[in-house]
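Overview (structure and organization)
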Amino acid sequence: MPCLTVNGVDIELDEDGFMIDPDLWNEDVARAFADSEGISELNEDHWKVINYLRDYFKQYHIAPMVRKLCQETSCSLKYIYDLFPSGPAKGACKLAGLPKPTGCV
Amino acid sequence: MPEYKGMVQPVRATPDEMRKIFAEPVPDEQKPEKAIEYLDEIRKKFRSFVVAMESCVKCGQCAENCHTYLGTRDPNNIPANRAELIRKIYRRYFTLEGRWFGKLVGAEDISLDVIEQWYSYFYQCSQCRRCAHVCPFGIDTCEVTFIGRQLLHWLGITPKLHAAVGGAMEKVGNHTGLPKPGIVDTLEFMSEEIMDEFGVEVEFPVDKPDSDIIYIPSSADFLLNPYTLMGAGMFFTYIGANWCIPSNVTEAGNFGLLFDQYYTQRGNVNRLLNAAHELNVKKIVWGECGHGWRAAKMYVPSLADRPVRWPLTHVHDEAAELIRRGELKLNPENNPEPVTLHDPCNYVRACGLNDNMRTIMNAVTVDFREMNPHGVDNFCCGGGSGILFDDPEMYQRRIQLSQKKADQVRATGVGKDGNGILCAPCSICKAQLYPMVEEHELGVHVHGLIDLLAKALVWK
């Protein structure tokens, strides 16, 4: 099982590099993921998306509809791909510590 | 890096994930013996399988008709050869010539290598049945893939994607793991979006008792396909239906059909029938999902543990009927872009939805261009049967598997000005085509058919 060590804490990841335990997330974990996703620096917009995803997930235990994510963060889908090259599901959700989306997505 | 002796394989499910869907993994040293035991049970039960094992004359008709072979040029992806991966074992253990002459008649001993080969190749077949469509003997290699995957599942080998989907279905009644609060929140959002964009008030009732109709959407609609979800709401509101969405089965799909028709597929069927019973409905209307519609229309009566007293129709059936009766006022000018239709394999080759889709298409668009071939002869999008793996090796495979589809779309010219629409009324097709149209640079957006219908509705 692959692992990411952040601030001395071992965080278990699944085969796609997503966190197995969302509760272990903190901002440093996001920064560690950013490196592997080819994101050199997390700016205000990155955090806006990440925080929205975390809040929604805490409340509803699922990632939001992509359209809703775009609207609530005022980021177009194209801009989200600019921020997170792997996209909203595989990029942003990973950095936000959400579990990997499953199904026909 | 999922590879076994040079063969790409999808990432496999862990033993815990398998146990969640009632499969107990078999230890490696017992796998070969168990494989033969299960194969023996299967061959005694399924005539379609025995036909495939014994009647193939290797005429090769299936080869150039399979998008998998066309995209990868790997000889084992020729349907006749894919079936041969089991046939060579079948021949060895269940035929006289195989037992006596072994390799001389193309019979082979079972081994872990063979089982791993099955895992690689049965998850490159999309169960699209185009091979069955052209086979002069009517051999359905999709049946062989069903059985190949079932055997692998019983041995404890299933892709993580499929097992996770099965587990999610067990837990919340849909493939994406959507819990009820998320469903309700998303539907409220959809109502707001419809008001913003179309100026119409549409409500999405959830779990409303004594509804006439329950609508079963694909759960992917709640994440990736907003217009399909909005479209369904608009359609039912337009016709004044007494409808609702059942929160514990918001899933038009049934991945059980694809890899485990014993527990997983059956479990989903019973869940559906429980919901219909509890809400006391009169009809079940299915959303846009290809394999799910086949699993529902063709398998529910025989897999159900009780008499099925509700008619099962597809939302396209309903819409097409109303269009034929002139009961929907439509303005096709609302869809001015050039459109082409990708026929989901299970719709056209397994469920007879060919004509109904076109009835709708012709009524709601002004520039509809058929791709070639189309209808029952259309090619698979490449993602069928859940081949939506995104680890790097399998993702590259998906690009190859969608090559034929890309060529077809390009040839229609709909994407020439970058504003084309590729209509693909199935969630797996959408999930495959969203990234693939970008990879192949086709200049099109992917939409469902109900999406286009909703845009064309003329409200009073």
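Remember, it's a predicted structure, so these values are computed and weren't measured experimentally.

**So, the overall build of chain A**
For chain A, the count of helices and strands is five helices and two strands. Each helix (α) and strand (β) of chain A, taken in turn from the N terminus, gives the series β-β-α-α-α-α-α. Over its C-alpha trace chain A gives a radius of gyration of 13 Å, about what one expects of a compact globule, namely 13 Å for 105 residues. Projected onto its principal axes, the C-alpha positions of chain A cover 35 × 30 × 25 Å. For chain A, the residues scored as buried account for 36% of the 105 residues in total.

**Quick notes on the domain arrangement of chain B**
Residue and element names in this part refer to chain B. One can read the domain layout of chain B as domain 1 (24–157), domain 2 (165–322) and domain 3 (329–456). For domain 1 versus domain 3, the distance between C-alpha centres works out to 30 Å. Top contributing element to the side of domain 1 that touches domain 3 by residue count: helix α4 (residues 67–72), with five residues. Here the side of domain 1 that touches domain 3 is built from residues that sort into three nonpolar, eight polar and two charged.

**A look at the sheet that holds strand β5 (residues 283–286) of chain B**
Adjacent strands of a sheet pair through backbone hydrogen bonds, lying either parallel or antiparallel. All names here are of chain B. The sheet built from four strands is open, its strands ordered β4-β3-β5-β6 with parallel pairing. Edge positions in the sheet fall to β4 (243–244) and β6 (312–314), since each has one partner strand and no second. As judged from the four bridges shared by strand β3 (residues 213–216) and β5, these two strands associate in the parallel manner. By the bridge assignment, isoleucine 214 is partnered in β5 with isoleucine 284. On the sheet, helix α16 (residues 315–324) packs against β5 and β6 and is oriented at approximately 70° with respect to β6.

**A few points about the nonpolar core**
Counting 167 residues, the largest nonpolar core has A:Leu53, B:Ile214 and B:Leu453 as the members making the most contacts within it. For B:Ile214, the contacting residues outside a window of four places in its chain are B:Cys244, B:Ile245, B:Pro246, B:Ala275, B:Ala276, B:Leu279, B:Val281 and B:Ile284.

**Focus on the sheet that holds strand β9 (residues 444–447) of chain B**
Residue and element names in this part refer to chain B. On the basis of which strands lie adjacent, the open sheet formed by three strands has the order β7-β8-β9 and parallel pairing. Only two strands of the sheet have a single partner each, and these edge strands are β7 (339–341) and β9. Strand after strand, the sheet turns through a mean of 25° between neighbouring axes, direction not considered. By the bridge criterion, three bridges tie β7 to strand β8 (residues 420–423) in an arrangement that is parallel. Within the sheet, the bridge partner assigned to threonine 340 lies in β8 and is leucine 422.

**Here we look at the packing of helix α5 (residues 79–94) of chain B against helix α7 (residues 112–122) of chain B**
All names here are of chain B. As a packed pair, α5 and α7 sit with axes 10 Å apart at the nearest point and diverge in direction by 155°. Between α5 and α7, the interaxial angle falls into the category roughly antiparallel. The handedness of the crossing between α5 and α7 is left-handed. Contacts from Arg82, Leu85 and Ile89 in α5 reach Val114, Gln117, Trp118 and Tyr121 in α7. Taken together, the residues of the contact of α5 with α7 break down into five nonpolar, one polar and one charged.

Reading the values: the criteria
- Residues numbered from 1 in each chain as written.
- Chains lettered and ligands numbered in written order.
- Predicted model: local features only at pLDDT ≥ 70, side-chain atom pairs only at ≥ 80, totals over all residues.
- Helix = DSSP H or I, 4+ residues; strand = E, 2+ residues; numbered from the N terminus.
- Rg over C-alpha atoms; globule rule 2.2 N^0.38 Å.
- Buried ≥ 20, exposed ≤ 12 C-beta atoms within 10 Å, placed from the backbone.
- Domains from an automatic or database assignment.
- Nonpolar A, V, L, I, M, F, W, Y, C, P; charged D, E, K, R; others polar.
- Pairing = 2+ DSSP bridges.
- Contact = placed C-beta atoms within 7 Å.
- Axes fitted to C-alpha atoms, helices over the stretch in contact; angles between N-to-C directions.
- Core = buried A, V, L, I, M, F, W, Y, C linked by C-beta atoms within 7 Å.
- Parallel < 35°, antiparallel > 145°, perpendicular 65-115°, else oblique.
- Left-handed = near helix turned anticlockwise from the far one by under 90°.

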